[in-house]
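Fold and contact review
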Amino acid sequence: MSQARIEYRETDRQIWEEELDDFVPERILDAHIHCYWRSNFPGDPPKHERADADLQTLNQWAATLYPARKMQYLILGTPHPGIDVARHVESVRQEIEGVPGIRHHRVVTPACKIEDIERDLQNPQFTGLKPYRTFSVTGDIAECRIHEFFPHEQMEFANEHGLWVTMHLSRFHGCADQHNLDDLEQYTTQRYPNIKWLLAHCARSFTYWPIQHAVERLREMPNIHYDTSAVTDVRPYVTLLTQENTQRIFWGSDGVAAAFFHGQYVAQGRAWQHYDADEGQLQYPHCDGRPILAVYEQLLALKFAAQMAELSGDQIEGIFWRNAATALGIGEKEGAANE
Ligand SMILES: [Zn+2]
């Protein structure tokens, strides 16, 4: 049963009604969202206060955030340190079984055995893998390279089966990092040509800088895609929408915990940081507006960038739904998860 509290304020409603309702298409495939169950952790529940989020929670949020839209989801495994991977995989499997319009990328750590991954991936709703930097064998979660948290053995498996891999790049410069670019180029063009990469958070470009430096090389690589999750700065979107093939861009929110709070991912020069306005001490003496949900900041940024890039309605519909639905093999007739 869902336990997350939906905190939707008058300022959110105003932004939806006045700015977003006419921008967000009828169908949405959220290609970056997570379920979470505290029972997936061994022993005592984790110390942090994070509410459970099941499919009902995702649908309740969707009904509030984007009223009357048909929702489909690419639910990503939650790569929280200490999680019991097998238990989490089983929770997701049970939760989504038989529900149309849902695909899943299974969490993988370097400790996962290929035979277990292979067994789980026989489920047709499981279309890919979700490695994560916090499981790096080097112990350095900030500066690790792809193979240090996603071992070659698992990449070989993914290549053999033509799997998707949702990749949150590590290293300070994200997609602009020389090692990351060299690795992705080698993997996509030579070593693992069948892996389909979905680079999370605009290829982890929360500021203008990484994607501006990487886009020329990334757009030449085959099998590269982007999700928009948690990026609230308009500039990375402008670069992507004007310089990349928009069919490679998928809407993603990073809900619930990482996007459905009031605040944003603040870009300050080349630095960026999650900022929860309810925990900050800012005063607002010069305006009557108040902070809005980060996912709405993201939608506003995407809308502005789409206007600047002069995207067509068809391209916008593609980003919100068709690009990901086609890529993940969700046919026209497959229903929505919230009907
Ligand atoms: Zn995420």
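Refer to the structure presented above.
What counts and what doesn't
Residues numbered from 1 in each chain as written. Predicted model: local features only at pLDDT ≥ 70, side-chain atom pairs only at ≥ 80, totals over all residues. Heavy atoms only, no water. Helix = DSSP H or I, 4+ residues; strand = E, 2+ residues; numbered from the N terminus. Rg over C-alpha atoms; globule rule 2.2 N^0.38 Å. Buried < 20%, exposed > 50% of the residue type's maximum accessible area, 1.4 Å probe, protein only. Contact = heavy atoms within 4.5 Å. Areas by Shrake-Rupley, 256 points an atom, 1.4 Å probe, with all protein chains shown as cover. Lys, Arg positive; Asp, Glu negative; His and termini not counted. Charge placed at Lys NZ, Arg CZ, Asp CG, Glu CD. Axes fitted to C-alpha atoms, helices over the stretch in contact; angles between N-to-C directions. Parallel < 35°, antiparallel > 145°, perpendicular 65-115°, else oblique. Left-handed = near helix turned anticlockwise from the far one by under 90°. Donors = N, O, S within 2.8 Å, 3.2 Å for Na, K, Ca; no water. Phe/Tyr/Trp six-rings, centres within 6.5 Å; stacked < 30°, edge-to-face > 60°. Pairing = 2+ DSSP bridges. Arc of directions from axis to C-beta. Polar contact = N/O pair within 3.5 Å; in protein donor to acceptor, adjacent residues only side chain to side chain. Core = buried A, V, L, I, M, F, W, Y, C linked by side-chain atoms within 4.5 Å.

Considerations on the overall build of the protein
In terms of helices and strands, the protein carries twelve helices and ten strands. The C-alpha radius of gyration computed for the protein amounts to 19 Å, which stays within 12% of the reference 20 Å derived for 339 residues, consistent with globular compactness. Projecting the C-alpha coordinates of the protein onto the three principal axes gives extents of approximately 55 × 45 × 45 Å. Taking all 339 residues of the protein together, the buried fraction comes to 57%. Within the protein, residue pairs in contact and separated by at least 24 positions form 76% of the contacts whose partners lie at least 6 positions apart. When the accessible surface of the protein is summed, it comes to about 14700 Å², and 46% of that surface belongs to carbon and sulfur atoms. On the protein, the mean spot of the 31 positive side-chain charges and the mean spot of the 49 negative ones are 2 Å from each other.

Overview of the packing of helix H9 (residues 208–218) against helix H10 (residues 234–243)
For the pair H9 and H10, the least separation of the axes is 8 Å and the interaxial angle reads 20°. In terms of orientation, H9 and H10 fall into the roughly parallel class. Of the two elements, H9 crosses H10, and the hand of that crossing is left-handed. When H9 is examined against H10, the residues Tyr208, Ile211, Gln212 and Val215 are found in contact with a partner set consisting of Arg235, Pro236, Thr239, Leu240 and Gln243.

Details of unusual backbone geometry
The step from glycine 255 to valine 256 runs through a cis peptide bond, and the omega angle for that step is 5°. Along the chain, the position of valine 256 falls in the loop between strand S8 (249–250) and strand S9 (263–268). Positive phi is not limited to glycine here, since alanine 68 has a value of about 70°. The topology assignment puts alanine 68 in the loop between helix H2 (55–65) and strand S2 (70–76). At alanine 203, a position not held by glycine, the phi torsion is positive, near 60°. Here alanine 203 lies in helix H8 (residues 200–204).

Concerning the coordination of the zinc ion
Bound to the zinc ion are the protein donor atoms His32 (NE2), His34 (NE2) and Asp254 (OD), situated 2.1 to 2.2 Å from the metal. Here the donor residues of the zinc ion are spaced in sequence according to H-x1-H-x219-D. In this pair, the class of histidine 32 matches that of histidine 34, namely buried.

Overview of the packing of aromatic side chains
Inspection of every chain in the model, using the stated rule, returns 13 aromatic pairs. Where tryptophan 16 meets tyrosine 296, the ring centres are 6.1 Å apart and the plane angle is 25°; that geometry is what we call stacked. Here tyrosine 296 lies in helix H11 (residues 294–308) and tryptophan 16 lies in helix H1 (residues 10–20), a separation of 280 residues in the sequence. For tryptophan 16, a relative accessible area of 5% gives the class buried. Residue classification places tyrosine 296 among the buried residues on the basis of a relative accessible area of 0%. Aromatic side chains tyrosine 36 and phenylalanine 41 sit 5.8 Å apart centroid to centroid with 50° between the ring planes, which places their arrangement in the tilted category. Judged by relative accessible area, tyrosine 36 falls into the buried class, the value being 2%.

Here we look at the sheet that holds S2
Taken together, the eight strands give an open sheet; going across it, the order is S1-S2-S3-S4-S5-S6-S7-S8, and neighbouring strands pair in parallel fashion. Either end of the sheet is taken by a strand with one partner, and the two such strands are strand S1 (27–34) and S8. Bridge analysis of strand S3 (residues 102–108) against strand S4 (residues 126–131) gives five bridges, and the strand direction is parallel. Note on S4: the bridge partner recorded for histidine 105 is glycine 128. Set on the sheet, helix H7 (residues 178–191) makes contact with strand S6 (196–199) and strand S7 (224–227); between it and S6 the angle comes to about 150°. The strands that helix H12 (residues 313–327) touches are S1, S2, strand S5 (164–167) and S8; relative to S1, the one it contacts most, it runs at about 75°.

Here's the deal with the pairing of strand S10 (residues 271–276)
Where S9 lies against S10, six bridges are found, and the strand directions are antiparallel. Residue glycine 263 lies in a different strand from S10, and its bridge partner there is aspartate 276. The turn joining S9 and S10, which pair antiparallel and follow one another in sequence, is formed by two residues; a positive phi near 65° is taken by glycine 269.

Description of H7
Those residues of H7 that sit buried are Asn180, Leu181, Asp183, Leu184, Tyr187 and Thr188. Projection of H7 onto a plane perpendicular to its axis shows the buried side chains occupying an angular sector of 165°, all on one side. Contacts from the buried residues of H7 go to helix H5 (146–149), helix H6 (152–161), S6, H9 and S7. For H7, the capping residue at the N-terminal end is aspartate 177, with a side-chain oxygen 2.9 Å from the backbone nitrogen of histidine 179.

Let's talk about the nonpolar core
The biggest cluster of nonpolar side chains holds 95 residues, and the ones touching the most others in it are Tyr66, Tyr73, Phe150, Trp197, Leu218 and Tyr296. The element contributing the most residues to this core is H11, with nine residues. When neighbours within four sequence positions are excluded, tyrosine 66 is seen to be in contact with Trp16, Ile28, Asp30, Met71, Trp251, Ser253, Val295 and Leu299. Residues Ala31, Leu74, Ala325 and Ile330 belong to the second largest nonpolar core, which totals twelve residues.

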